[in-house]
There are 4 protein chains.
Amino acid sequence: MSRKYRVGILGATGTVGQRFVQLLEGHPQFEITALAASDRSAGKRFAEACAWKLPGTIPRSVRDIVVQPILPQLDCEIVFSSLPSSVARETEEAFARAGYPVISNSSSYRMDEDVPLLIPEINHEHLGLIETQRQKRGFGTGFIVTNPNCAVASFAPPLAALHNKFGVESAIITTMQAVSGAGYPGVPTLDIADNVMPYIAGEEPKVEIESQKILGKFVDGVIVKADFTVSAQCFRVNVIDGHTASVRVNLKQNSTLEDIVEAMRAFPNLQLHSSPDAFIEVTDEPTRPQPRLDRDNGKGMTITVGRIFPDNVFDYRFVALSHNTVRGAAGSAILNAELLIDRRII
Amino acid sequence: MSRKYRVGILGATGTVGQRFVQLLEGHPQFEITALAASDRSAGKRFAEACAWKLPGTIPRSVRDIVVQPILPQLDCEIVFSSLPSSVARETEEAFARAGYPVISNSSSYRMDEDVPLLIPEINHEHLGLIETQRQKRGFGTGFIVTNPNCAVASFAPPLAALHNKFGVESAIITTMQAVSGAGYPGVPTLDIADNVMPYIAGEEPKVEIESQKILGKFVDGVIVKADFTVSAQCFRVNVIDGHTASVRVNLKQNSTLEDIVEAMRAFPNLQLHSSPDAFIEVTDEPTRPQPRLDRDNGKGMTITVGRIFPDNVFDYRFVALSHNTVRGAAGSAILNAELLIDRRII
Amino acid sequence: MSRKYRVGILGATGTVGQRFVQLLEGHPQFEITALAASDRSAGKRFAEACAWKLPGTIPRSVRDIVVQPILPQLDCEIVFSSLPSSVARETEEAFARAGYPVISNSSSYRMDEDVPLLIPEINHEHLGLIETQRQKRGFGTGFIVTNPNCAVASFAPPLAALHNKFGVESAIITTMQAVSGAGYPGVPTLDIADNVMPYIAGEEPKVEIESQKILGKFVDGVIVKADFTVSAQCFRVNVIDGHTASVRVNLKQNSTLEDIVEAMRAFPNLQLHSSPDAFIEVTDEPTRPQPRLDRDNGKGMTITVGRIFPDNVFDYRFVALSHNTVRGAAGSAILNAELLIDRRII
Amino acid sequence: MSRKYRVGILGATGTVGQRFVQLLEGHPQFEITALAASDRSAGKRFAEACAWKLPGTIPRSVRDIVVQPILPQLDCEIVFSSLPSSVARETEEAFARAGYPVISNSSSYRMDEDVPLLIPEINHEHLGLIETQRQKRGFGTGFIVTNPNCAVASFAPPLAALHNKFGVESAIITTMQAVSGAGYPGVPTLDIADNVMPYIAGEEPKVEIESQKILGKFVDGVIVKADFTVSAQCFRVNVIDGHTASVRVNLKQNSTLEDIVEAMRAFPNLQLHSSPDAFIEVTDEPTRPQPRLDRDNGKGMTITVGRIFPDNVFDYRFVALSHNTVRGAAGSAILNAELLIDRRII
């Protein structure tokens, strides 16, 4: 058996940090050896510092780990970062410069030209950017890779399936996003009970620009972005976990409904530890996907797509759903780390 | 003081029927003299027959009215119908043939060529169809008028404002609809708590075809439909009242954002009893409209529009909201009746 | 016409502060002339400083009032206080000392021996304490009166009805409290969606001690507390407004179920402006009271009681409900002010 | 390895029936060979007949089983019954008479003197009633055992712990019950969103009588019921799964808080396949137990108890929580079957 990598979590007490802890519990390749959080938490046992909000209780293996300040001297080989974007940029760079591979869920570096924005099943060849990045930034063994915004994670996979086969010309996305995406305390009950919020700060621009990079091609050391346009209206709804995306798409080539379904079903999957049985699961049940019933498909790593139909105005419409704190955050970052090991970059 | 018209309600015990009762309480032009419902309820006092689900209790004035079977011999001059579509077609025709003006909230006749599909502020000239209808169907004094689907009621008004000024070419609509739209018992809690339903039976086609008729022109005794196309994806969300529509629109003429806002704000209002102060209220608060906060604007008769922005793919995007059982159902039907009186058709 | 009193609101931007603004809009006896809030808000127009969370928008009459710091030099004759208890004690005393009648919704002074804890219908004779208070504290024209905790407001009225007739020996209360009681941002969605919180900080002791003072007798310048004991377990549930109390009560005298109902129904009401038609409304519908349907009874000032039955272990059980930010907070304070005017104390 | 018992499920398409299917998937002792449901479903494949409402999709192993009518000729050795009480009494007797062990979750036979009402950890010696039952009813190899009402399952275990040590004199219970307890479609959203329902049909009497039998002693072939009294007020709250019980208890013997906690923690557990690590888990976190966080403790089979404190009126108070469709229904029935096998009754 291969040894386990010793990993640290930056922002360990937050909603995504807790999801990292939960998903890494019993992971065959990783062992948590460092938990870092803001000064308020540093110095306390994790069990004291963390207001655990996931079902069950804090795993025994991390309860007594003393939370460290977020400084690049953590006792670990890899860091997972779920820092708020306000501090992520500077901190993550410091960790990378100090030699740590930084697997980030923050938005800070996602659109930097030399930083991979990864959905491993879609664009693992973007790992080639790491070399560019190291040279450009003068990093040694360290580097930064990122995963997409949680809403993007729900529709980029089916979009990739269609783009590869038929070419996407434009996409119109309306998201209905879960409250866990805003962390804890996050969304006040008074804002979302018996309500819909038509606004999520900073979200629409992220959703509109990330997928072109994700679906871009790695050519001569750079990413050539995909040339479609995306429109996004983002809503918060009264759902705990699971982002739903209502999608219309115009394609460059003609295609039948069967082609569309087949393109999604046939999209190649990987064989990493956290890979779900199906990367994209297409359902033909008329009432699916639903967040409560489908967010945990593939242990939260499957994208569930349904209601694929021809559209009156665009070519096709469909509904895509993914678990926003697993596939949309911690789970994706862990998959990225598994990919990096598989490709011997770590 | 003018006398009050004696009105009956078909389907009086249902969700929309209850809203009729509530809105007609104390109305200066109407007095409820007949309540009709299914055989199970007929013969009972309304207070016994009706599982009242609106805040407060059944108004005293109707508690002791004995519920009648739904037959065209009710003691009233006008009927409001909120019958399920399964029975509405036959029943409403029978009432019209018996001489009753039928103000219907059902979907049965909405798309019939000789039946007005009214939003009074938008298309009161469609009342001209009543004459066509009487001739074609051999009605005497009776006739049928309808109001739109509750989801259509939320976005058709701003669309009309844009269509009149700039010409709508196409619209892509994603709705987030309240559970009261499904009546009672309606949506099971297990289907919507911590969830979004991506499907509402029969809804998307209705939303895609009604607005072209509503925004059509009455020419030579017929409606010439507006020539734009609409795409609709309809979702049920965990909201009690208030439908939210996420809208993208392509226009035939160029227009600035200011033009767009001005077109909505300047859309002419009527002066009927149930007319709100503002037919369309445009808000520039970034987090509005919200169902819980804005559904009762104008006592539920105002359409609130916000988040109007240029769109990446289409020309403009915005969010529209209306109260689905007031403006989207009973309130609209009552407004239709007020219009008919104002125009001396009743 | 009598003139209007000029009133100020301390903590005007909070959840209860907003409710004060809403309820005072158009009030025949009061006119808002001063709004005070924390330093962060002071100096801004109310419309800018306040994140309005009630349906509709901020009343026009207060939008442009410049928020003042919370210092006893406000341009008004009476202050309503909804300050957090952390600052209420010192601040409210300062205002009283400066000559303002302070009508407080805070918990700070509720249990002070010389401060009335008022439910006007129950214990208006406690106003006699004001004289005691002025002497003891050296106040001039100023004074402090308080209203009870929002959960107490739901069950103290029926308890008073029973205590007056039959003597209460002990009561066991389990509350299911609405999120608006925690203010804004207040309860995180992640804490209450698909959940019940078995803990509300500091609540159970308040609920256990306030009702004995409220139901006490004013004798020789002091309150002689009622001698029953109360047990309270307090839960937060996923409800926006409206606290429900599940009550068992042991009585000193035998009584029939009819006696119990009659005692509640016959409890004397007042004739103040904010007095509801019924102070206590007893319903015999088996599924009532319900927060969503009954919280607005009597414009939020009625206590609705139902499910009154003999109990297996105690004498009787019942369910009581009231609107926690109207009868349980701002509405009660306004009623207290109306009482003070009626009794010519202001 | 020992062979698997072939089991059938009566009422397989319902909420509890689905939970049976889910929990039996991969069970080492049982294999589903028959699914029975109402005439509407009989003859269809399970995947067609069942509107699956649990996360994920119908297990592959049962998708193609053809649903049978509910008649005692099913191809199985044991039946689990989740029939509605309206039909359970007659049907379950017919199955028992035909030789099937009937493990019932219905309420029909729970209080029959000769039918065990089992919580295996508490009263496995009640299995002795089976012999009585067979003789009295003339059953051959068949018999009926039952598990308690889902709300009783949440508080009976801690009550048993206290009763065994100190003697319970009386208990006052207020429940906050999840919507899944009402099946599907079950509770309409309009009844529970932003609301609490103070009434669950038939529930309070069940909760008041079952625990005395459960905690009774098996003496000379009959159950001598425990001699305490229980008062129950039962509320439905906006929670999907997980019943919360607010409990006050008077004890016959004095005891310290530490005694109380110790009695619960030390309550003996069993070693059956579905036995959780802890039968009763006592938490000292002030905000626990919570349904969303604690219902899945012990895979839904643990009772979580918290907020144990001395009470003002009774001796002690606490909050108990269990998963209503696992420990409170299907999981308990399966545990009963495991017990019957372990004791070689099956």
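Residues numbered from 1 in each chain as written. Chains lettered and ligands numbered in written order. Predicted model: local features only at pLDDT ≥ 70, side-chain atom pairs only at ≥ 80, totals over all residues. Heavy atoms only, no water.

1. Some words on the interface of chain D and chain C
Part 1: Counting residues at the interface gives 48 residues for chain D, matched by 48 residues for chain C.
Part 2: Both sides of the chain D and chain C interface together cover about 3800 Å² of buried area, and 53% of this is carbon and sulfur.
Part 3: The largest share of the area that chain D buries against chain C comes from D194, Q233 and R292 of chain D, three residues that together contribute 16% of it.
Part 4: In this structure, D194 of chain C engages R295 of chain D in a salt bridge whose closest nitrogen and oxygen atoms are separated by 2.8 Å.
Part 5: Here chain D and chain C share 41 residue pairs in polar contact (both at pLDDT 80 or more) between them.
Part 6: Residue assignment for the side of chain D that touches chain C shows that the elements contributing at least two residues are β6 (168–177), α8 (189–192), α9 (203–214), β9 (229–236), β10 (243–251), α11 (291–294) and β13 (316–322) of chain D. (Contact = heavy atoms within 4.5 Å. Buried area = accessible area lost by both parts, 1.4 Å probe. Salt bridge = Lys/Arg side-chain N within 4 Å of Asp/Glu carboxyl O. Polar contact = N/O pair within 3.5 Å; in protein donor to acceptor, adjacent residues only side chain to side chain. Helix = DSSP H or I, 4+ residues; strand = E, 2+ residues; numbered from the N terminus.)

2. Some thoughts on the interface of chain C and chain A
Part 1: Taken together, the contact between chain C and chain A spans 17 residues of the former and 17 residues of the latter.
Part 2: The three residues of chain C that bury the most area against chain A are T189, L190 and I240 of chain C, which together make up 43% of that side's buried surface.
Part 3: In this assembly, chain C and chain A are joined by two salt bridges.
Part 4: A salt bridge links D191 of chain C to K53 of chain A, with the shortest nitrogen-to-oxygen separation between them at 2.8 Å.
Part 5: The tally of links from chain C across to chain A stands at nine residue pairs in polar contact (both at pLDDT 80 or more).
Part 6: Of the residues assigned to the side of chain C that touches chain A, the class counts are nine nonpolar, five polar and three charged. (Nonpolar A, V, L, I, M, F, W, Y, C, P; charged D, E, K, R; others polar.)

3. Some details on the relation of the copies chain D and chain C
Part 1: The two copies are related by a screw motion: chain D maps onto chain C through a turn of 180 degrees and a shift of 0.0 Å along the axis, at an RMSD of 0.0 Å. Here the symmetry operator amounts to a two-fold rotation axis. No C-alpha of chain D approaches the rotation axis more nearly than that of N238 of chain D, which lies at 3.2 Å.
Part 2: A high fraction, 100%, of the interface residues of chain D reappear at the interface in chain C, so the copies pair face to face through one surface. (Least-squares fit on C-alpha atoms with pLDDT ≥ 70 in both.)

4. Looking at the environment of S108 of chain B
Residue and element names in this part refer to chain B.
Part 1: Following the sequence through the fold, S108 ends up in the loop between β4 (101–104) and α5 (120–123).
Part 2: On the basis of relative accessible area, S108 is assigned to the buried category, the value being 15%.
Part 3: Linking S108 and L83, residues 25 residues apart in sequence, is a C-alpha distance of 9.5 Å.
Part 4: Look past the residues within four positions of S108 in its chain and what remains in contact with it is S85, A88 and R89. (Buried < 20%, exposed > 50% of the residue type's maximum accessible area, 1.4 Å probe, protein only.)

Don't take any of this as a statement about function, it's just geometry.
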